[in-house]
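So you can see what is in the structure, the chains are spelled out below.
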Amino acid sequence: MEDLAKVYILIPLYNEATVIEGLVKQLSSVFKNIVIVNDGSTDDSQEILEKLDIHLINHPINMGQGSAISTGFNYIYETDAKALITFDADGQHSVEDAKIFAYEILKSESDIIFGSRFLEHSENIPFLKKTVLTLASKITNLFSKMELTDTHNGMKAIKKDSLAKINIEIDGYAFESELIQCVSKKNLKYSELPTNIVYTEYSKAKGQSLMNGFIILEDLIKLWLKR
Amino acid sequence: MIKIFLISLFSALFIYGFVRPFSSVFSRLFLFSGSLLGILSVIGIEQTDKIANFVGVGRGADLFVYLSLLTIFLFISYTINKFETLNKKISTLSRSIALSDIKKIKND
């Protein structure tokens, strides 16, 4: 636990009152510093979060996952953290994986470690989702000239020093692609680690709609045009 | 009667293009050319036909339809762009408020 005190967990959150308390309890058994960016939730998330032992940042309005991540980066950059791990609020990720990511980012030379559902456990991914994710990864790799197997995985470990080189302007889901572009442009060292995603009925209902893929594609084209 | 109304409207827009401060020269030109084309469409049907023939479009009315469509698309793309810029400003402001609030709580 002591070793991991300087690895912060960053959770962007929007309307996760059902699962957030349990998730924070699980994470607290391993991580001391949990930063939650409440992105303008309209359910009871705020009341629940205020009772928890966390670093709580409240966006006055809902702006999107990219914006919440960016706010979290800004906050953690000012702390004593050595690294951070981004973690989804819907309970899809495993705390065990986060622990592995934390130890790995502290000892490895990588500036950023991307989580991948395709290195192991890919049999857990529903067929349609797998197809869309593979396509999104191929397009993102094409734009960024990187070789990642899963470009839209919420779990990532990032060294704090690297945050200065990462600038996220996209507020929505496509921030993942923008982050990858930053990593590519700034020549940050990267690697991948397997993650096991648990697709529960709750997380499936909460997760990104496949139609959002079109919005991500639109943002990718804009990013490419901006280059 | 309708001709007088339309000419008055386009003339007023033309004058407004002179007096209104614009952040971009394109906006001013857009208003000038739009109002002049408007006046021309009302009083100079023969001239617009000639222009249409010159640019390879059959009738002046068709030329106006094409120009109107082009204007609508330009306006939509300009509005989307403006909307995104505004969204970014709101996002920056909200994030800044969120971070300064947490600092205040810590200082307290």
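Residues numbered from 1 in each chain as written. Chains lettered and ligands numbered in written order. Predicted model: local features only at pLDDT ≥ 70, side-chain atom pairs only at ≥ 80, totals over all residues.

*Asks:* A description of the overall build of chain A should follow, citing residues and the corresponding values.
*Replies:* Counting its secondary structure elements, chain A contains 8 helices and 7 strands. The C-alpha atoms of chain A give 16 Å as radius of gyration, which agrees with the globular expectation for 227 residues (17 Å, within 12%). When its C-alpha atoms are laid out on the principal axes, chain A stretches across 45 × 35 × 35 Å. Long-range contacts, defined as pairs at least 24 residues apart, comprise 78% of the intrachain contacts of chain A with a sequence gap of at least 6. (Helix = DSSP H or I, 4+ residues; strand = E, 2+ residues; numbered from the N terminus. Rg over C-alpha atoms; globule rule 2.2 N^0.38 Å. Contact = placed C-beta atoms within 7 Å.)

*Asks:* Give a description of the overall build of chain B that names residues and reports values.
*Replies:* The helix and strand inventory of chain B stands at 4 helices and 0 strands. Listed N to C, the secondary structure of chain B is α-α-α-α in terms of helices and strands. The globule rule puts the C-alpha radius of gyration for 108 residues at 13 Å, and the 22 Å found for chain B is more than 25% above it. With the principal axes as the frame, chain B shows a C-alpha extent of 75 × 30 × 25 Å. Contacts in chain B between residues at least 24 apart in sequence constitute 28% of all its contacts with a sequence separation of at least 6.

*Asks:* Now, about the pairing of strand β6 (residues 156-159) of chain A: what can you tell me, with residues and values included?
*Replies:* Residue and element names in this part refer to chain A. Every second residue of β6 is oriented toward a common face, with K156 and I158 on one face and A157 and K159 on the other, all of them buried. Where strand β4 (residues 83-86) meets β6, 4 bridges bridge the pair, whose relative direction is antiparallel. By the bridge assignment, T86 is partnered in β6 with K156. When strand β5 (residues 112-116) meets β6, the two strands line up antiparallel, connected through 3 bridges. (Buried ≥ 20, exposed ≤ 12 C-beta atoms within 10 Å, placed from the backbone. Pairing = 2+ DSSP bridges.)

*Asks:* Which residues make up the nonpolar core, and what values go with them?
*Replies:* One finds I9, L10, V35 and I85 of chain A to be the most contacted residues of the largest nonpolar core, which totals 51 residues. Among all residues touching V35 of chain A, those that are not within four sequence positions of it are Y8, I9, L10, I54, H55, I57, G72, Y75 and I76 of chain A. (Core = buried A, V, L, I, M, F, W, Y, C linked by C-beta atoms within 7 Å.)

*Asks:* Give me the interface of chain A and chain B: which residues, what numbers.
*Replies:* Listed per partner, the contact involves 13 residues of chain A and 9 residues of chain B. Listing elements by their share of the side of chain A that touches chain B, those giving two or more residues are β3 (55-59) and α3 (65-77) of chain A. When residues of the side of chain A that touches chain B are assigned to their parent elements, the largest contribution, 5 residues, is made by α3 of chain A. Among the residues making up the side of chain A that touches chain B, the classes are represented as 5 nonpolar, 6 polar and 2 charged. (Nonpolar A, V, L, I, M, F, W, Y, C, P; charged D, E, K, R; others polar.)

*Asks:* With reference to specific residues and values, describe the environment of L4 of chain A.
*Replies:* Residue and element names in this part refer to chain A. Tracing the backbone through its elements, the reader meets L4 in the segment before β1 (7-13). Overall, L4 belongs to the buried group, with 20 C-beta atoms counted inside 10 Å. Each C-alpha atom of the pair L4 and A81 lies 9.6 Å from the other, and the pair is 77 residues apart in sequence. For L4, the residues in contact, after removing those within four places along its chain, are V30, F31 and A102.

*Asks:* With reference to specific residues and values, describe the sheet that holds β6 of chain A.
*Replies:* Residues and elements named next belong to chain A. If you trace the 7 strands from one edge of the open sheet to the other, you get β3-β2-β1-β4-β6-β5-β7, paired in mixed fashion. Taken across any chain shown, the strands that pair with only one partner, and hence form the sheet edges, are β3 and β7 (190-194). Averaged over all pairs of adjacent strands, the angle between their axes in this sheet comes to 20°, without regard to strand direction. Where β1 lies against strand β2 (residues 34-39), 5 bridges are found, and the strand directions are parallel. Within β2, the position partnered with I9 by the bridge is I34. (Axes fitted to C-alpha atoms, helices over the stretch in contact; angles between N-to-C directions.)

*Asks:* Could you give an account of the packing of helix α5 (residues 127-144) of chain A against helix α6 (residues 175-185) of chain A, naming the residues involved and the relevant values?
*Replies:* Residue and element names in this part refer to chain A. Running from N to C, α5 and α6 point in directions that differ by 35°, and their axes come no closer than 9 Å. Our pair here, α5 against α6, has a crossing hand that is right-handed. On α6, the residues touching T140, F143 and S144 of α5 are S177, I180, Q181 and S184. Residue composition of the contact of α5 with α6, by class: 2 nonpolar, 5 polar and no charged. (Left-handed = near helix turned anticlockwise from the far one by under 90°.)

*Asks:* How would you explain the confidence of the model for chain B if you had to name every residue and give the values?
*Replies:* Scored by pLDDT, chain B comes out at a mean of 86, with 97% of its residues at no less than 70. Across the whole predicted complex the pTM is 0.79, and at the interface the ipTM reaches 0.75. (pLDDT = per-residue confidence, 0-100.)

*Asks:* Lay out helix α1 (residues 2-19) of chain B with the relevant residues and their values.
*Replies:* Along its 18 residues, α1 of chain B runs 26 Å from first to last C-alpha, staying within 8% of the 26 Å computed at 1.5 Å per residue. In terms of burial, α1 of chain B is a largely surface element, 1 of the 18 residues being buried. (Expected span 1.5 Å × (residues − 1).)

*Asks:* Could you give an account of unusual backbone geometry, with specific residues and numbers?
*Replies:* Backbone geometry follows two general trends: most residues other than glycine have a negative phi, and most peptide bonds adopt the trans configuration. All names here are of chain A. Of note, N15 is a non-glycine position whose phi angle comes to about 50°, a positive value. Positive phi values are uncommon outside glycine, yet N187 reaches one of about 55°. Within the fold, N187 resides in the loop between α6 and β7.

*Asks:* Which residues make up α6 of chain A, and what are the values?
*Replies:* Residues and elements named next belong to chain A. The buried fraction of α6 amounts to 8 of the 11 residues, a majority that puts the element mostly inside the structure. Considered for burial, the residues of α6 that qualify are F175, E176, S177, E178, L179, I180, Q181 and V183. Two residues or fewer after α6 comes N187, characterised by a positive phi angle close to 55°.

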